[in-house]
Amino acid sequence: SSKPTRSYSITLIPGDGIGPEIISVAKDVLVLAGYLEGIKYDFREMLMGGAALDATGLPLPHETLSAAKQSHAVLLGAVGGYKWDRNDKHLKPETGLLQIRKELGVFANLRPATVYSPLVDASTLKREVAEGVDIMLIRELTGGIYFGEPRGFGTNDNGEEIGFNTEIYATHEIDRIAHFAFKVAQKRRRKLCSVDKANVLEASMLWRKRFLAIAQEYPDVELSHMYVDNASMQLIRDPKQFDTMVTNNIFGDILSDEASMVTGSIGMLPSASLGASGPGLFEPIHGSAPDIAGQDKANPFATVLSAAMLLRYGLGEEKAAERIENAVMDTLNRGFRTGDIYSAGTKLVGCKQLGEEILKSVESNV
Ligand code: ATP
Ligand code: MG
């Protein structure tokens, strides 16, 4: 490559369960794809979740957070497991994850829903509907009804107990996710669908108004709007109509799980959480899968694809990202599968061997 060597510091957080197995594969893939594109890394491996609770008593130790903040990007495996199932939130592995997201100020959550043609039969949808689906769903992550005040329990005028929450979006929160979404769409097929409920909710009316205003700055992107009820139907009816989608926190929570079932394989789905500046957080959408931990059965593709997102969205290293994505496709085309995506006629391998096959594909630069 013509660019000089670039160097990045990466915080690796293997976490619990299958985390260490999948992070080990993703690290090797990052190193090789990076090497081939003139990229070097300085890795720091840190504790979070159950592993951190056992070692330090805290789900997010101070050293982990400060390493994360000082690095260019954070790659996370998964946290949690039966061993740490408790009620006290200070002692929950998942609290570490919520804390690090908050501390890094990551307001945009990106979840691709891509149907890889060799895995099209894993989709819950018919082959002809699922084939070729390639959606990027962007969820606003730090505002909306999950955080809005006032919230709580009370009594209404009849003395009846009530629970209440508040959906609030300020202009600056909408504007920053809108700019973010338009920029992502520019890197893709330049179609952005904003999902809201602007026929009923004021927070959505402002959302739509701001998206329309900001669209003026992105004349190359085709903006459309869809009500969330319709969008949830269209995702199943004809998912290929979508390129980039953007929505608020609660709608994104629901639609991203729906979109993941369009692809049908949890072991294939990466994610990225990004802020305005500072390091992004990259992780598979699946959990720590304690039922298969330590057995070399985990599917590392979701974490490897999260590493590709780290290169593209975290470091701006598009070519190395593409190398990894092409390698994933090549490995699938060569028939290698872990148990969760296995079907008759393909080759069942463990996490480690699949990692080695991915490295071969990266090397052969298809
Ligand atoms: P969490 O609460 O952390 O999201 P969960 O129990 O909801 O955890 P997962 O840990 O994602 O969900 O696991 C759900 C099921 O999917 C389990 O049976 C697990 O073995 C399987 N699974 C999850 N990730 C993978 C993977 N990478 N490879 C193979 N199987 C997986
Ligand atoms: Mg879960």
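Residues numbered from 1 in each chain as written. Chains lettered and ligands numbered in written order. Predicted model: local features only at pLDDT ≥ 70, side-chain atom pairs only at ≥ 80, totals over all residues.

You'll find the protein entered in an unreviewed UniProt entry as 3-isopropylmalate dehydrogenase, with Glycine max given as the organism. On record in UniProt, under Sequence similarities (unreviewed entry), the comment for the protein is "Belongs to the isocitrate and isopropylmalate dehydrogenases family." Taken directly from UniProt, the Function (unreviewed entry) text for the protein runs: "Catalyzes the oxidation of 3-carboxy-2-hydroxy-4-methylpentanoate (3-isopropylmalate) to 3-carboxy-4-methyl-2-oxopentanoate. The product decarboxylates to 4-methyl-2 oxopentanoate." (UniProt positions renumbered as here; feature names shortened; annotations may be inferred.)

Asks: Which residues make up the overall build of the protein, and what are the values?
Replies: Within the protein one finds 12 helices and 14 strands. For 366 residues, the compact-globule estimate of 2.2 N^0.38 gives 21 Å, and the C-alpha radius of gyration of the protein, at 21 Å, lies within 12% of that figure. When its C-alpha atoms are laid out on the principal axes, the protein stretches across 65 × 50 × 45 Å. At a minimum sequence separation of 6, the contacts of the protein that also span at least 24 residues come to 74%. (Helix = DSSP H or I, 4+ residues; strand = E, 2+ residues; numbered from the N terminus. Rg over C-alpha atoms; globule rule 2.2 N^0.38 Å. Contact = placed C-beta atoms within 7 Å.)

Asks: Just give me the short version of unusual backbone geometry, but keep the residues and values in it.
Replies: Going from Glu 149 to Pro 150, the amide bond is cis rather than trans, its omega being 5 degrees. Tracing the chain through its elements places Pro 150 in the loop between strand 5 (134-140) and strand 6 (152-155). Its identity is not glycine, yet Arg 190 carries a phi of approximately 60 degrees, on the positive side. Relative to the assigned elements, Arg 190 resides in the loop between helix 6 (171-187) and strand 8 (191-196). Despite not being glycine, Asp 296 shows a phi value in the positive range, around 60 degrees. Summarising the element assignment, Asp 296 is placed in the loop between strand 12 (280-284) and helix 10 (301-314).

Asks: Outline the environment of Thr 5, supporting the account with residue identities and numerical values.
Replies: With respect to the helices and strands, the residue Thr 5 is situated in the segment before strand 1 (6-15). Separated by 33 residues in sequence, Thr 5 and Gly 38 have C-alpha atoms that sit 4.6 Å apart. Each residue touching Thr 5, except ones within four places of it in the same chain, is listed here: Gly 38 and Lys 40.

Asks: So, the nonpolar core: which residues are in play, and what are the values?
Replies: Formed by 106 residues in total, the largest nonpolar core has its most connected members in Val 29, Leu 75, Phe 282, Val 304, Ala 307 and Ile 324. In terms of residue count, the dominant contributor to this core is helix 10 (10 residues). (Core = buried A, V, L, I, M, F, W, Y, C linked by C-beta atoms within 7 Å. Buried ≥ 20, exposed ≤ 12 C-beta atoms within 10 Å, placed from the backbone.)

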